[in-house]
Amino acid sequence: MKKFLSLLMALTMLMACTACFGSAESASNPAAYDGSEVNITFYNTMGSNLTPVLDTYIEEFNKLYPNIHVSYTSVGGYDDVRDQISKEITVGGQPNIAYCYPDHVALYNLARAVQPLDAYIDSTATVTRADGTTETFGLTQEQKDDFISAYYEEGRQFGDGKMYTLPMSKSTEVLYYNKTFFDANGLTPPTTWDEMEALCNKIVEIDPYSIPLGYDSENNWFITMTEQLKTPYTSATGEHFLFNTPENRAFVKRFATWYNQGLVTTQTIYGSYTSGLFVSDSGIKSYMSIGSSAGATHQRPTKGADGTYPFEVGITTIPQVDASNAKVISQGPSLCIFKKSNAQEVAASWLFVKYLTTTVDFQAEFSMASGYVPVIKSVANNEVYAEFVAGADGGDNVAALAAKVCLEQVDAYYTSPAFPGSSEARSRVGELMAGCMTDAAALGDLTKPENDAKLDELIHRTPGYSGWQQEYWRAHCGDYCAYLGHVGARELRALGVLEKVLDDPMWDDEQKKMIQESVNGGHLQCYLFQCLHCGKHLVWMDFD
């Protein structure tokens, strides 16, 4: 999770560094690779399941271009990549290529550090490989057309019309459901949110102790609803934050009602991924879960002693407001190239990025190993990948089933505008969703105009904080509280507020015991808030 004050510091440093890169844009005819010996570095987040695939195809790439020496570093998580590069840009030490999300690129571009790709994509120059064969330096029309359109166009979402990234591997959100339970009770997966509400009520009739639906990402839920409803969220130009509208507050209020009726929970409220409820074999359970398609194996229950799964998993697209405007989020890393004083480094970097994103065999193998879906259509014709998808089922091959659903809904993918602070917008709408669900009484009726100023204050002029999971903002006396800091039981006792924060209807006896045993910086982290009106202290807690 991002810490807003740290992000502001990084932005300031990058702005100060702009002169390091100059203001000139790339030439309309960039230098093609001339066979020079160059070293390029690639920052990514790949684990041990993916690096063997990358190693294999670096070897294949080097058969074509033996003088381009590719080294890579698995930095950690996506935000770790962003943070490291943000520091390195200030001294000109950034890598040549990196995994990126759109808001990362917007941040780097405060220093004009990212190489626009338009001229490279459109180049008609010819480059010669080691075996004497040649290829077009840029992308052919066939290669451009092969990209899944929404993935490709994500590279152009920065407000200036220029292309800064190519897609590497992608995922989306899908609806997982307990197919065994559905079949036994004559239930059908919902296609609209109205159907979802009716279905959740039906499930509660069948199993009164269940929470029918779990939704992992509150911020994705909010943003997807704005896309489906065609209501404002953000803009890459002008006023960035546009989401405080009556229409958006209305759907938040609707889902808060669902929560209060026991129909839904989310990752922040539950305290962990809601797949835990979905695969649970005892106690409270859910029968539907909306989460990442890349996490399909986590939505599959553990096999029993007899070697069979307790239930079969079904997967389908998430509900829509209107089938004629179907929208599902596009997620997953893209690749960006950084400017360098040596034009041959940039040219070599472009060839490697082009190779990873347009090579069918690599895209197929990487997708099967990662759980992400390929970014080019022609992978469907790859014999191994076609066999992988054909074997899709709700058990051993659930990852293939998720990929199959993703490939069937490619026309519905959307991306959001990218600008410095766009990740902060994501965090804020997630906080609002979770906050309105659990503190509806304290927040009051969000459709009332007098609450606009309070939301505006929280959204635009309140520094955020960094939590293990999705940050959540406490409210009291009809207003948002002041955030005081990270605490554990020791700090709460020293401040004399431990008993006060335990006097809170949000927490049951087991959760109160957790707060009493919490350690600042530990696996369970508490966050202290104070009401601006009555002075009451409140905490939020989450797990790593």
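Residues numbered from 1 in each chain as written. Predicted model: local features only at pLDDT ≥ 70, side-chain atom pairs only at ≥ 80, totals over all residues. Heavy atoms only, no water.

**As for the overall build of the protein**
No. 1: Summing up its helical and strand segments, the protein has 23 helices and 19 strands in all.
No. 2: For the protein, buried positions account for 53% of its 544 residues.
No. 3: Within the protein, contacts between residues at least 6 apart in sequence are counted, and of these 74% link residues at least 24 apart.
No. 4: Counting only carbon and sulfur atoms, one obtains 51% of the accessible surface of the protein, whose full area is about 22400 Å². (Helix = DSSP H or I, 4+ residues; strand = E, 2+ residues; numbered from the N terminus. Buried < 20%, exposed > 50% of the residue type's maximum accessible area, 1.4 Å probe, protein only. Contact = heavy atoms within 4.5 Å. Areas by Shrake-Rupley, 256 points an atom, 1.4 Å probe, with all protein chains shown as cover.)

**Observations concerning the packing of helix 11 (residues 246-260) against helix 18 (residues 422-438)**
No. 1: Their axes nearest at 8 Å, the elements helix 11 and helix 18 cross at an angle of 45°. Regarding the angle of helix 11 to helix 18, the classification is oblique. With respect to the hand of their crossing, helix 11 and helix 18 are arranged in right-handed fashion. Between helix 11 and helix 18, the residues in contact are F251, V252, F255, A256, Y259 and N260 and L432, M433, C436, M437 and T438, respectively.
No. 2: Grouping the amino acids of the contact of helix 11 with helix 18 by side-chain chemistry returns nine nonpolar, two polar and no charged. (Axes fitted to C-alpha atoms, helices over the stretch in contact; angles between N-to-C directions. Parallel < 35°, antiparallel > 145°, perpendicular 65-115°, else oblique. Left-handed = near helix turned anticlockwise from the far one by under 90°. Nonpolar A, V, L, I, M, F, W, Y, C, P; charged D, E, K, R; others polar.)

**Some points on the sheet that holds strand 18 (residues 524-530)**
No. 1: Strands sit in the order 17-18-19 across an open sheet of three strands; the sheet is antiparallel. The open sheet has two edge strands with one neighbour each: strand 17 (482-487) and strand 19 (537-543). On average, each strand axis in the sheet is tilted by 25° relative to the strand beside it, whichever way the strands run.
No. 2: Pairing of strand 18 with strand 19, which is carried by seven bridges, proceeds in the antiparallel orientation. Within strand 19, the position partnered with Y527 by the bridge is W540.
No. 3: Against the sheet, helix 23 (residues 509-517) engages strand 18 and strand 19, with an angle of about 90° to strand 19. (Pairing = 2+ DSSP bridges.)

**Some words on the nonpolar core**
No. 1: Of all hydrophobic cores here, the largest spans 120 residues; its most connected members are Y33, I68, M288, F352 and I515.
No. 2: Tallying contributions element by element places helix 14 (residues 343-358) first for this core, with nine residues.
No. 3: One finds Y43, V81, I85 and V105 within the second-largest nonpolar core, a separate group that totals 17 residues. (Core = buried A, V, L, I, M, F, W, Y, C linked by side-chain atoms within 4.5 Å.)

**Digging into the packing of aromatic side chains**
No. 1: As enumerated under the stated definition, the model contains 35 aromatic pairs in all.
No. 2: Consider the rings of Y177 and F182, whose centres lie 5.0 Å apart with planes at 45°: the pair is tilted.
No. 3: Ring centres of W507 and W540 lie 5.8 Å apart, and the angle between their planes is 40°; this geometry places the pair in the tilted category. You can see W507 sitting in the loop between helix 22 (498-502) and helix 23 and its partner W540 sitting in strand 19, a full 33 residues away along the chain. Just as W507 is buried, W540 falls in that class too. (Phe/Tyr/Trp six-rings, centres within 6.5 Å; stacked < 30°, edge-to-face > 60°.)

**Some words on the pairing of strand 10 (residues 288-292)**
No. 1: Burial runs high along strand 10: four of the five residues are buried.
No. 2: In the sheet, strand 7 (residues 173-178) pairs with strand 10 via five bridges, with the strands oriented antiparallel. Looking at the pairing, Y176 lines up with S289 of strand 10.
No. 3: As defined by bridge partners, strand 8 (residues 213-215) adjoins strand 10 across three bridges and the pair is classed as parallel. Following the sheet pairing, L213 is matched in strand 10 by M288.

**Thoughts on the sheet that holds strand 2 (residues 68-74)**
No. 1: Spatial strand order, 2-1-3-13-6: five strands in an open sheet with mixed pairing. Strands at the two margins of the open sheet, each flanked by one partner only, are strand 2 and strand 6 (165-167). On average, adjacent strands in this sheet sit at an angle of 25° to one another, irrespective of strand direction.
No. 2: As judged from the four bridges shared by strand 3 (residues 97-100) and strand 13 (residues 334-337), these two strands associate in the antiparallel manner. Bridge assignment links A98 to a residue of strand 13, and that residue is C336.

**Notes on the pattern of salt bridges**
No. 1: For the structure on display, the rule yields 16 salt bridges.
No. 2: With a shortest N-O distance of 3.5 Å, R156 and D118 are connected by a salt bridge. Of this pair, R156 sits in the loop between helix 7 (149-153) and strand 6 while D118 is found in helix 5 (residues 118-121), placing the two residues 38 residues apart along the sequence.
No. 3: With relative accessibility at 22%, the residue D118 sits in the partly exposed group. (Salt bridge = Lys/Arg side-chain N within 4 Å of Asp/Glu carboxyl O.)

**Describing the environment of I89**
No. 1: Relative to the elements of secondary structure, I89 occurs in helix 3 (residues 78-89).
No. 2: With 24 residues separating them along the chain, I89 and A113 place their C-alpha atoms 7.4 Å apart.

Spatial relationships are all this shows, so hold off on functional conclusions.
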